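So you can see what is in the structure, the chains are spelled out below.
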Amino acid sequence: MSTTHKVHFKLNGKAVSAEVEPRELLIHTLREKLAHTGPHIGCETSHCGACTVDVDGMSLKSCTVLTVQCEGADMVTIEGLEQGGVLHALQQAFHEEHGLQCGYCTPGMITRAWRLLQENPNPSEQDIRFGLAGNLCRCTGYQNIIKAVQSAARKLAAAPATA
Amino acid sequence: MGNMSELQEREDKLQGMGSSLLRKEDAKFIRGLGQYVDDIQLPGMLFGALVRSPYAHARIKSINKTAALACPGVVAVLTADDLKPVNLHWMPTLGSDVQAVLADKKVCFQMQEVAMVLATDRYTAADGAALVEVDYEELPAIVDPKRAMDKDAVVIREDIADKTEVGHGPRTHPNHIFTWEAGDKAAADAAFAGAEVTVREEILNPRVHPCPLETCGCVASFNKATGYLTVYMTTQAPHLVRTVLAMLSGVAESKIRVVGGDIGGGFGNKVPVYPGYVVAIVASIVTGVPVKWIETRMENIATTGFARDYHGVGELAADRNGVIKGLRFSALADHGAFNSHVSATKFPAGLFSICTGSYAIPNAYCRVDAVYTNKAPGGVAYRCSLRVTEAIYLIERMIDVLAQKLGIDKAEIRRRNFVKAEQFPYTTPFGWTLDSGAYHAALDKVLKAVDYEGLKREQAAKRADPNCPTLMGIGIATFTEIVGAGPTKVCDILGIGLFDSCEIRVHPTGGVIARLGTMTQGQGHATTYAQIIATELGLPASDIVVEEGDTDKAPYGAGTWGSRSTPVSGAATATAARKIKDKAKKIAAHLLEVAEGDLEWEIDRFKVRGNPEQAKTMKEICMVSHTGNLPEGMEQGLNAVAYYDPPNMTYPFGAYLCVVDIDKFTGEVKVRRFYALDDCGTRINPMVIEGQIHGGLTEAFAVAMGQQIPFDENGNHLGNSLMDYFLPTSMETPHWETDHTVTPCPHHPIGAKGVAESPHVGGIPCFSNAVIDAFAHLGVTHMDMPHNAWRVWQQCNALGVNQR
């Protein structure tokens, strides 16, 4: 077996490390070594976005990134969005607008929307459709997801969160 | 007024049927705390990876495991020879055939399961799978189902070559599976012979895949000490799976526990039992440790659960006013290499004979011929009841073809043929009794909402303008579905009737737990079943917990597919709740010292008629039912279980209208408007219904506009990743407008019919009808799906409409 490397990064504000083979994908490290099973595997080819996490201020599909590339990174996953027992406005809005059904795409979708709203705090419907086009959902037809992102954007604009 | 608002307040507190109660299941998913099968890690768990055939048809000359076994971390390599001693190298299918669990001497489709490598982690398992050396002798492959029964066609299934039937009547060729007929051929032929006008069209429902975002997988865990097998798996039908596993493995059914857990979408893909599950189970029994097997996306699209592949021919006979006198539909069904088509025993072609749709057609006949080809097995119902999309696609396309031939408006021809509201219950010539409907009203509401006449005028103006850069199409679909399988007198799978069940336990303080034989995959059962109970029992939905999917806990049921949860389990839920309510009434009468007949129900309590101050709330009765203060001879507790055998299927319907604008120069189809009116009878949760319709329409859009599984002439799969297989993103997906009418189901306890599949069944022909209508004035009567830009451009080019 190939030699392993110890990789250190920040995950939802906490310093973590993992011993990985050079070929290990970030999604597997997160799910199987760091017990973060929020991000999911849907396609292994970067198309579906179920594995979306946030790395150094960018949405990233963790099924096609090697963990060894993440040394020193600052990473946020769905598990890190709830702060002090309070859901993020996006999590709340996905619930209120019925923006999820089977829930499999939801962690990646919300994590992507979280970054989108930082890139563009006041997106139009078309901006949201374009901004979420890398995240597939088979259940909702996207319409209620878009409503949820719009609703969260309004709430965040009214009371800017620290996130 | 004070009293009214007090009543309203009590009603609102229940959040019962009719309220858009937010979903109970969301809390875990929005936090990333769902528990899907690949999230499960058990101590000592091995990972299984399948070795798959690169050929569509080949003999296996030898399998060499040496290099794989030498790979550090590889624990074992299982082949058909290893499964033979336990007689598990073949398994029965849900289509009365058998299927190789691991290829036995030959492979019959590309990526067929040949061996499983067990290793300590998924990377090592993949390494091992790459090191298994299989020596193949390639055979010619049959890809085109129309060539499957040629005289000189190679025999695909040597294992059953001399069998005269495989469960569904006589075979006429080694590659023939069955021929199934329904209706009255002589009467239909007579109607055609004397008809003023007839139309005929060849119409394909191409091979597609449901492609839920989560692939299939399982964790099998056999406890050698107790002989107890636990299987966590992606299944829409956990109880049926447990029965199949008991039949297969010889382990007593009481020692098998199947756990559905959270399911990342199913859409029909997760009904059958696939070889991967079985090998993982055998592997756990053999090794004594848990074994996980998870499909990759390419394995999912290429091997488990394709849908459709019906090569249809539609014929209608009518008078010159467009009134249909006769229908003849047939289909050549490509079932792949094994008949694992999910079907009720008596319906090898599913419910295809619903093909008269919403129309009163006096004479009808249909026929399906199923054949083997060198493609993956399957034939699942992709977001529909068994073969209903295929049937409704044919009738909704053919009625347009007839309208075009006669120059009758496509809405008007539907009106002339609809079953009229006063004709219900209406029995079709195929014997289905449509329960209730109001088809004219539904269509008229849609036409008014979209200003149909205005759209027609706009279309006429555009057709008259040679410089118009687009072709405008208006598509209509007025479908009737058949769901809620089903009455046990006609519907069974492997001999098990398709009833379903609900067990309700009411606790002393009014909390309720309900367990059902169905299995949610995103439909929101935890919310909607709770709402039914809330209304029936007058206890708040917030305190009602719904559990499904764990066969150790839930009563037996056939699972969630074919929109059967509300029609069958929803009915079981209401029935069980009513048993409890009947007992509660006896307790109330006892406490109030009146006769039961003196009591009336009001939202959440029994009141003494004429003396409203005297009442007992359900909450009070819950506590009393756990004391000794009960009527003479009554047992404690407030529990019930109901097994519901539906007296009939349910028949939700709808009227859809789609407007498309097609770029003459690129072939790109833009959906300008899609208006969907659904009638699913009584509505339990309008928010959930709307969500299901959005999803179903999006999957209809996917099928109509882009999905197709292509093969080359050697049976090589030409697109099994999401690079090639079309799943619409938020960019392509149209905006959906929804509407409804309510025509309750007369035989269902709460009048509900089921809804989630209607938008798929009705949506696909609506898109096709819109695209083809755009070319109708140029003499085009049919174009096969998918209507992607390349294929539509070819039509534009052939007609020369792209010439400036």
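For clarity, every value in this text was computed on a predicted model and none was experimentally measured.

Chemist: I'm lost on the interface of chain B and chain A in this one. Help?
Modeler: Listed as interface residues are 42 residues of chain B and, on the opposing side, 46 residues of chain A. Of all the secondary structure elements, the ones that give two or more residues to the side of chain B that touches chain A are helix H2 (26-29) and helix H17 (686-705) of chain B. At six residues, H17(B) tops the list of elements feeding residues into the side of chain B that touches chain A. For the side of chain B that touches chain A, the class distribution of residues is 17 nonpolar, 17 polar and eight charged.

Chemist: Whenever I open this one, the sheet that holds strand E1 (residues 46-52) of chain B confuses me. Can you help?
Modeler: Backbone-to-backbone hydrogen bonds pair the strands of a sheet. The strands run either parallel or antiparallel. Residue and element names in this part refer to chain B. Taken together, seven strands build an open sheet; the order of strands is E3-E7-E1-E14-E11-E12-E13 and the sheet is mixed. Each end of this open sheet is capped by a strand with a single partner; those strands are strand E3 (74-79) and strand E13 (256-259). Geometrically, the sheet is characterised by an average inter-axis angle of 20° between neighbouring strands, direction not taken into account. Pairing of E1 with strand E14 (residues 291-294), which is carried by three bridges, proceeds in the parallel orientation. Residue pairing across strands places Leu46 opposite Val291, the latter belonging to E14.

Chemist: Honestly, the domain arrangement of chain A in this entry has me stumped. Any pointers?
Modeler: By a widely used convention, the size of an interface equals the accessible area lost when the partners come together. Residue and element names in this part refer to chain A. Domains assigned within chain A are domain 1 (5-78) and domain 2 (89-158). Here domain 1 and domain 2 have C-alpha centroids that lie 21 Å from each other. Looking at the side of domain 1 that touches domain 2 residue by residue, the classes come out as six nonpolar, seven polar and one charged.

Chemist: What am I meant to see in the domain arrangement of chain B here?
Modeler: All names here are of chain B. As assigned here, chain B comprises domain 1 (2-34 + 500-644), domain 2 (37-139 + 215-263 + 270-303) and domain 3 (306-485 + 649-799). Its C-alpha centre places domain 1 at a distance of 41 Å from the equivalent point of domain 2. Here the residues of the side of domain 1 that touches domain 2 sort into four nonpolar, eight polar and three charged.

Chemist: Even after reading the chapter, I still don't get the pairing of strand E3 (residues 52-55) of chain A, so can you show me in this structure?
Modeler: Every other side chain in a regular strand lies on the same face of the sheet, so the side chains alternate between the two faces. All names here are of chain A. Of the pairings in the sheet, the one linking E3 to strand E4 (residues 58-61) comprises four bridges and is antiparallel in character. Each residue of the ladder has a partner; that of Val55, found in E4, is Met58. The antiparallel pairing of E3 with E4 creates a hairpin that spans two residues between the two strands, and Asp56 there sits at a positive phi of about 50°. Bridge count for E3 against strand E5 (residues 74-76) is two bridges, and the pairing is antiparallel.

About the cut-offs
Counting starts from 1 at the beginning of each chain's written sequence and moves along it residue by residue. To label them, take the chains in the order written and letter them from A, then take the ligands in the order written and number them from 1. Reporting in this predicted model follows two pLDDT cut-offs: at least 70 for local features of residues, and 80 or more for side-chain atom pairs to be given and counted; totals over whole chains, interfaces and linings ignore these cut-offs and use all residues. Here contacts are defined at the residue level, using C-beta atoms placed from the backbone and a cut-off of 7 Å between them. Comment: elements are numbered from the N terminus, with helices defined as DSSP H or I runs of at least four residues and strands as E runs of at least two. Under the scheme applied here, ten amino acids are nonpolar (Ala, Val, Leu, Ile, Met, Phe, Trp, Tyr, Cys and Pro), four are charged (Asp, Glu, Lys and Arg), and all others, including Gly, are polar. One requirement defines pairing of two strands: DSSP has to find at least two bridges between them. With axes taken as lines fitted to C-alpha atoms, and helix axes fitted only over the stretch in contact, angles between N-to-C directions fall between 0 and 180 degrees. An automatic or database domain assignment is the source of the domain bounds shown.

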